[in-house]
Amino acid sequence: MRGGLAYLGVAYTAIWVGIAGYLLHLGRRQRAIEQRLEELRSGGADGGRRPPGEHP
Amino acid sequence: MSRDAGIRRLSLAAALTIAIGGMAVGLVAVFFWVPTDAFQGVAQRIFYVHVPTAWVAYLAFALVLGGSVGYLKSGSRRWDSLARASAEVGVLFTGLNLLTGMLWGRPVWGTYWTWDARLTSTFVLFLVYVGYLVFRSLATDPTRGARVAAVIGIVGFVDVPLVHFSVDWWRTLHPVAVVRPGAPPQLPASMLVTMLWMLVVFTGLFAVLVALRMRLDSAREALEEAEDAAELEPVPAGSLPA
């Protein structure tokens with residue numbers, strides 16, 4: 001089983017990168033929405049404009 | 001931030017910390033406790049993430065099924081949000097399952113991929129739910145889109161038992177399950193305990209990811225309500241992150 005360690009390393013790295021990447025992606029989207037909501041509630045300068053792609 | 005939202009955020013952070021801690025314990029077991037497989041060598045340790053990703057994918061698509069049925073029956077956006085969140089996380093884990101399977105297959109079978117029943121049906125499962133997510137992102141009428149997506153979510157689940165039993169129904173390169181209900185496990189105790197531990201940890205991680213994804217939908221809903229209340233114009237495309 002030559003190179004088994006390399007395949008093992010790539011597999012475990014892929015798992016952590018995949019999960020961590022998804023967590024970061026969710027966090028970024030959440031922050032963008034919350035920031036927008038905060039601006040709306042505090043009556044920001046560009047208040048009330050809908051972020052693109054944030055429709056249900 | 002309201003008190004409830006603060007508590008929810010703290011609970012999610014605590015659950016995520018526990019899941020990461022559980023994962024660390026699991027990794028110690030995988031690399032320092034379980035013995036190295038006599039035939040497959042170290043590559044066999046991919047097993048401890050490959051099987052849990054498959055389990056989480058099954059669970060995710062079962063929740064898509066449940067959420068879709070719930071949405072069609074009640075019309076509640078919470079059910080729809082559950083289905084959508086589970087589909088997204090399920091696609092992530094199915095992709096990771098395919099990838100880890102390929103990386104395990106190369107040193108053990110001598111090939112990354114073969115079109116046997118288990119691999120092909122899993123790939124079809126991946127495509128079905130990628131299609132579900134693409135359809136959802138392209139749907140212009142949210143209500144109609146959610147209803148059609150719910151039907152896709154229900155029909156798509158047909159592939160899950162097909163994936164699971166493919167190794168029993170057809171001759172495949174992929175081995176049959178080593179742990180079956182009613183039969184003694186074909187694994188040493190340390191391997192079995194580690195695998196079950198990783199199953200629990202991945203299930204917890206899945207629950208946290210789905211909760212975070214549903215929280216995003218709730219925030220989006222609150223934003224829409226705030227915008228509707230303010231009766232304001234949409235921003236030009238590309239000016240805010242999607």
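On a predicted model such as this, the values are computed, not experimentally measured, just so you know.

Calculation rules
- Numbers given to residues run from 1 along each chain, matching the order in which its sequence is written.
- Going through the entries in the order they are written, you letter the chains from A and number the ligands from 1.
- In view of the model being predicted, local features appear only for residues whose pLDDT reaches at least 70, and side-chain atom pairs are presented and counted only at 80 or more, with totals across whole chains, interfaces and linings using the full set of residues.
- In computing side-chain properties, one takes all heavy atoms of the structure into account and sets aside hydrogens as well as water.
- On a range of 0 to 100, pLDDT expresses the predictor's confidence in each residue.
- Only runs of H or I of at least four residues qualify as helices and only runs of E of at least two qualify as strands under DSSP, and these elements are numbered from the N terminus.
- Patch membership needs two things, relative accessible area over 30% and no salt bridge, and members are linked within 9 Å if like-charged or within 5 Å if nonpolar (Val, Leu, Ile, Met, Phe, Trp, Tyr).
- What sets the accessible areas is the Shrake-Rupley method with a 1.4 Å probe; for residues, cover comes only from the shown protein chains.
- A pairing counts as a salt bridge when a side-chain nitrogen of Lys or Arg comes within 4 Å of a carboxyl oxygen of Asp or Glu.
- For every residue, the accessible area (1.4 Å probe, protein chains only) is compared with the maximum for its type, and the residue is labelled buried under 20%, exposed over 50%, or partly exposed between those bounds.
- Stacked, edge-to-face and tilted are the three classes for Phe, Tyr and Trp ring pairs, Trp counted by its six-membered ring, which pair at centre distances within 6.5 Å; planes under 30 degrees apart are stacked, over 60 edge-to-face, the rest tilted.
- Definition used: whenever NZ (Lys) or CZ (Arg) falls within 6 Å of the ring centre and also within 35 degrees of the ring normal, the charge is taken to sit over that ring.
- Note on method: axes are straight lines fitted to C-alpha atoms, helices fitted across the in-contact stretch only, with angles between N-to-C directions ranging 0 to 180 degrees.
- Relative orientations are named as follows: roughly parallel for angles under 35 degrees, roughly antiparallel for angles over 145 degrees, roughly perpendicular for angles from 65 to 115 degrees, and oblique for any other angle.
- In what follows, residue pairs with any heavy atoms lying within 4.5 Å of each other are defined as contacts.
- Only Asp, Glu, Lys and Arg are considered charged, only Ala, Val, Leu, Ile, Met, Phe, Trp, Tyr, Cys and Pro nonpolar, and every remaining residue, Gly among them, polar.
- By this rule the span expected of a helix is its residue count minus one, scaled by 1.5 Å.

### A short note on the confidence of the model for chain B
A low pLDDT score tells you not to read the predicted coordinates there in detail. All names here are of chain B. For chain B, the mean per-residue pLDDT works out to 90, and 94% of the residues sit at or above 70. Within chain B, the element-level pLDDT minimum falls on helix α1 (residues 3–32), averaging 86, and the maximum on helix α2 (residues 47–74), averaging 97. With pTM at 0.87, the complex prediction returns an ipTM value of 0.86.

### Topic: a nonpolar patch on the surface
Together, Leu162(B), Phe165(B), Trp169(B) and Trp170(B) line one region of the surface with nonpolar side chains, adding up to about 420 Å² of accessible area. Take Trp170(B): it is sitting in the loop between α6 (159–169) and α7 (189–230).

### Considerations on the pattern of salt bridges
Working definition: two side chains of opposite charge can pair if their charged atoms are close together. Scanning the model with the defined rule gives ten salt bridges over all chains in all. Two residues, Asp217(B) and Arg220(B), come together in a salt bridge whose shortest N-O distance is 3.8 Å. Of the two residues, Asp217(B) and Arg220(B) both sit in helix α7, three residues apart, roughly one turn of that helix. For Arg220(B), a relative accessible area of 4% puts it in the buried group. Each of Arg29(A), Glu88(B), Arg213(B), Asp217(B) and Arg220(B) takes part in one network of salt bridges that share partners.

### Re the packing of aromatic side chains
For the coordinates displayed, the defined rule picks out 13 aromatic pairs over all chains. Arranged with centres 6.2 Å apart and planes meeting at 65 degrees, the rings of Tyr7(A) and Tyr112(B) form a pair that is edge-to-face. One end of the pair, Tyr7(A), is in helix α1 (residues 4–41); the other, Tyr112(B), is in the loop between α3 (77–109) and α4 (117–138), on a second chain. Exposure remark for Tyr112(B): the relative accessible area of 38% places this residue in the partly exposed category. Ring pairing ties together the aromatic residues Tyr12(A), Trp16(A) and Phe31(B), which thus form one cluster. Sitting over the ring of Tyr112(B), Arg106(B) keeps its end group 5.6 Å from the ring centre.

### Details of the environment of Leu24(A)
Residue placement: Leu24(A) occurs in helix α1. For the pair formed by Leu24(A) and Glu38(A), sequence separation is 14 residues and the distance between their alpha carbons is 21 Å.

### Here's the deal with the packing of α4(B) against helix α5 (residues 142–156) of chain B
Residue and element names in this part refer to chain B. For the pair α4 and α5, interaxial distance at closest approach is 10 Å and the crossing angle is 175 degrees. Judged by the inter-axis angle, α4 sits roughly antiparallel to α5. Seen from α4, the contacting residues are Leu125, Val128, Tyr129, Tyr132, Phe135 and Arg136; seen from α5, they are Gly145, Ala146, Val148, Ala149, Ile152, Gly153 and Gly156. Looking at the contact of α4 with α5 residue by residue, the class counts come to nine nonpolar, three polar and one charged.

### Some thoughts on α1(B)
Helix length check: α1(B), at 30 residues, gives a terminal C-alpha distance of 43 Å against a target of 44 Å (1.5 Å per residue), a fit within 8%. Buried within α1(B) are the following residues: Leu12(B), Leu16(B), Ala19(B), Gly22(B), Met23(B), Gly26(B), Ala29(B) and Val30(B). On its buried face, α1(B) sits against α1 of chain A together with α2 and α7 of chain B.

### Observations concerning the environment of Arg180(B)
Following the sequence through the fold, Arg180(B) ends up in the loop between α6 and α7. Between the C-alpha atom of Arg180(B) and that of Leu98(B), which follows or precedes it by 82 residues, the distance is 22 Å.

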